[in-house]
Amino acid sequence: MKLRSERRILADVLTTLVIREWRYRLSRGRLSMAWLIIEPLVQMAFIGWLYSAFGRQSIAGQDAALYLGAGIFAFLTFRTLCIKPNDAILTGAGLLSYRQVHVLDLILAKWITEAMTYLFLIGVALVYMAVYEPSFRLQWLPFLFCIGVILCSSLGIACILATLRRRNPAAAAFFKPFSYVLYIFSGVLHPVWQLQEWFANILMYNPLVPLLEQVRKSL
């Protein structure tokens, strides 16, 4: 009988856990799946309506819909990949009784599930823009670099938040409120460099600011 290598065991464990996550998500109904698409669209439509109500059709020389859409969707991807896996250790605690399953496997499985979903949605958005926007040109290298930074940094933060919640479950109550603060001060809705210089200099310490700007430039 041929023994499986450690890599094969890890791959099998992650595959099983990811399938388990998808089954759980599908069991919650179609509405929970549809909300992944509806949430960014609702935000874009509402904020876009506010901008158009004040006669603003462009932001920083870019079409307002594209500017807002790129910023909102990139931020939601980062926020979701950071926050959603934070309960992975608690909800999967029973699986740790199996010696093949480790704490990091639980976090990775939930993170991979979320990442697969958002990468699919990003692909759909790019195809839509390529088909219906004749002037659309994507700079692949900067775009893929930004996506890579979002993925890598979100995985690291997800591990930190999951560990923090495991040790202090009450800490989870502060995750989403803090993400709302980041939403406002990350240049999602307005160019940071158009603010007062002293304030813009402070906000530039937030790594999401140049990251979102680069996402927009690549589009």
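Residues numbered from 1 in each chain as written. Predicted model: local features only at pLDDT ≥ 70, side-chain atom pairs only at ≥ 80, totals over all residues. Heavy atoms only, no water.

**Here we look at the pattern of salt bridges**
Right, so step 1: Throughout the structure, instances matching the rule amount to 3 salt bridges.
Right, so step 2: Taking the shortest distance from any N to any O, the salt bridge between Glu-21 and Arg-20 comes out at 4.0 Å.
Right, so step 3: Where Lys-110 meets Asp-87, a salt bridge forms, and the shortest distance between an N and an O atom there is 2.7 Å. Highlighted residues: Lys-110 in helix α5 (residues 103-132) and Asp-87 in the loop between α3 (64-83) and α4 (88-91), separated in sequence by 23 residues. When sorted by exposure, Lys-110 lands in the same class as Asp-87, which is buried. (Salt bridge = Lys/Arg side-chain N within 4 Å of Asp/Glu carboxyl O. Helix = DSSP H or I, 4+ residues; strand = E, 2+ residues; numbered from the N terminus. Buried < 20%, exposed > 50% of the residue type's maximum accessible area, 1.4 Å probe, protein only.)

**Thoughts on the packing of helix α6 (residues 140-167) against helix α9 (residues 208-218)**
Right, so step 1: Contact geometry for α6 and α9: axes closest at 8 Å, N-to-C directions at 150°. As the angle between them shows, α6 and α9 are arranged roughly antiparallel. Considering how the two elements wind past one another, α6 and α9 form a crossing that is left-handed. Residues Pro-142, Phe-143, Cys-146, Val-149 and Ile-150 of α6 lie in contact with α9, whose contacting residues are Leu-211, Gln-214, Val-215 and Ser-218.
Right, so step 2: Considered class by class, the residues forming the contact of α6 with α9 number 7 nonpolar, 2 polar and no charged. (Axes fitted to C-alpha atoms, helices over the stretch in contact; angles between N-to-C directions. Parallel < 35°, antiparallel > 145°, perpendicular 65-115°, else oblique. Left-handed = near helix turned anticlockwise from the far one by under 90°. Contact = heavy atoms within 4.5 Å. Nonpolar A, V, L, I, M, F, W, Y, C, P; charged D, E, K, R; others polar.)

**Digging into the nonpolar core**
Right, so step 1: Counting 39 residues, the largest nonpolar core has Ile-72, Leu-126, Phe-143 and Leu-219 as its most contacted members.
Right, so step 2: With 13 residues, the top contributor of residues to this core is α3.
Right, so step 3: Among all residues touching Leu-219, those that are not within four sequence positions of it are Gln-62, Leu-66, Ala-70, Leu-126, Phe-136, Arg-137, Leu-138 and Phe-143.
Right, so step 4: Counting residues in hydrophobic clusters, the runner-up holds 11 residues, among them Val-18, Ala-88, Ile-89 and Cys-159. (Core = buried A, V, L, I, M, F, W, Y, C linked by side-chain atoms within 4.5 Å.)

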